[in-house]
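# Chains, contacts and geometry: an overview
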Amino acid sequence: KSQAVLARAVTMAKKHIKSWSPNDGGLVERLVVDALAPKINWRSLLRTMLTVASQKVNTFAAPDKRFRSRGMIMPGPKKLENDTLENVKICVDTSGSISAEDIGVALAQIEQLLKVYKAKAELIYWDTQVRVIYPFEKIEEIVSKKPMGGGGTDANCIFDYFETNKDYRIGKKKKPEIILVFTDGYFGHIDSAYKKYKNTIWIINNGVKDFNPPFGKVAPFKVED
């Protein structure tokens, strides 16, 4: 019964939305579908791809002992806490084929992720190119941010950004540990040069069953018991 009520609420909301552009606000309309968002087993899938407890980051809080004898202070390795995701990129498709409901579902999925993990991540909106990047640690930091996009779809732009952006090229920013891609799966060929980004999870949000990832894993939506 509760699902039926929520479904009617979504239908009523859509009747009041004449049109939607990713450059508009419309956050209330997109989040109306939050309660209907399917659940996915983030914990199981992420642990399969990456053992979080063994992740290490370089930090000055734990100086490298090898350099102390030389009078130098260099960052040393430090294990991350359990259930902590460091350097995660969450890439949301905002091409013309993506609806307001799709964006709402993606944001709801991100919220579920943050209920399981502590994260220092970036939300990236993309279509044929990376349109905008929002760093965040809590869901409240991104729900008020505007999506950008609305054009065609070229998933190559995600990986091209990590390859060509100056901060990544000079090492100012680390290459992503995990890439989560929310998309409807309707895009062309992905360059084989990007297969090295094997820790990519393709989250297909429209029920496409025949999507074959160019690399990484596919995360179908699952309803939790």
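Cut-off values and rules
Residues numbered from 1 in each chain as written. Predicted model: local features only at pLDDT ≥ 70, side-chain atom pairs only at ≥ 80, totals over all residues. Heavy atoms only, no water. Helix = DSSP H or I, 4+ residues; strand = E, 2+ residues; numbered from the N terminus. Buried < 20%, exposed > 50% of the residue type's maximum accessible area, 1.4 Å probe, protein only. Contact = heavy atoms within 4.5 Å. Areas by Shrake-Rupley, 256 points an atom, 1.4 Å probe, with all protein chains shown as cover. Expected span 1.5 Å × (residues − 1). Pairing = 2+ DSSP bridges. Salt bridge = Lys/Arg side-chain N within 4 Å of Asp/Glu carboxyl O. Phe/Tyr/Trp six-rings, centres within 6.5 Å; stacked < 30°, edge-to-face > 60°.

Next up on the list: the overall build of the protein chain. Looking only at helices and strands, one finds 6 helices and 8 strands in the protein chain. When the helices and strands of the protein chain are listed from N to C terminus, the series reads α-α-α-β-β-β-α-β-β-α-α-β-β-β. Relative to its full complement of 225 residues, the protein chain shows a buried share of 40%. Long-range contacts, defined here as pairs at least 24 residues apart, represent 62% of the contacts in the protein chain between residues at least 6 apart. Carbon and sulfur atoms make up 51% of the accessible area of the protein chain, which totals about 12500 Å².

Moving on: helix α4 (residues 100-116). When the terminal C-alpha atoms of α4 are compared, their 25 Å separation across 17 residues agrees well with the 24 Å that a helix rising 1.5 Å per residue should span. Of all 17 residues in α4, 13 are buried; the element is thus mostly enclosed.

A separate point is the pairing of strand β7 (residues 200-204). With respect to burial, β7 is a largely interior element, 5 of its 5 residues being buried. Neither face of β7 is open: one carries Thr200, Trp202 and Ile204, the other Ile201 and Ile203, and all of them are buried. Judged from the 5 bridges that link them, strand β6 (residues 178-183) and β7 form a sheet pairing that is parallel. Of the residues in β7, the one forming a bridge with Leu180 is Ile201. Examined bridge by bridge, β7 and strand β8 (residues 217-218) share 2 bridges and lie parallel to one another. Bridge pairing links Trp202 to Val218 in β8.

On inspection of all chains with the given rule, the structure shows 6 salt bridges. Measuring nitrogen to oxygen at the nearest pair gives 3.4 Å for the salt bridge that ties Glu163 to Lys175. Remark: Lys175 occurs in the loop between α6 (166-169) and β6 and Glu163 occurs in helix α5 (residues 156-164); sequence separation between them is 12 residues. Accessibility expressed as a relative area gives 24% for Glu163, which makes it partly exposed. What you see here is one network of salt bridges that share partners, running through Lys89, Glu122 and Lys173.

Given two aromatic rings, one states the distance between the centres and the angle between the planes to describe the pair. The final tally for this structure, using the stated rule, is 13 aromatic pairs. Consider the rings of Phe159 and Trp202, whose centres lie 6.0 Å apart with planes at 55°: the pair is tilted. Of this pair, Phe159 sits in helix α5 while Trp202 sits in strand β7, placing them 43 residues apart in sequence. Residue Phe159 is classed as buried on the basis of its relative accessible area, which comes to 0%. Site record: aromatic cluster; members linked through ring pairs are Phe159, Tyr161, Phe162, Tyr168, Phe187, Tyr194, Tyr197, Trp202, Phe211 and Phe215.

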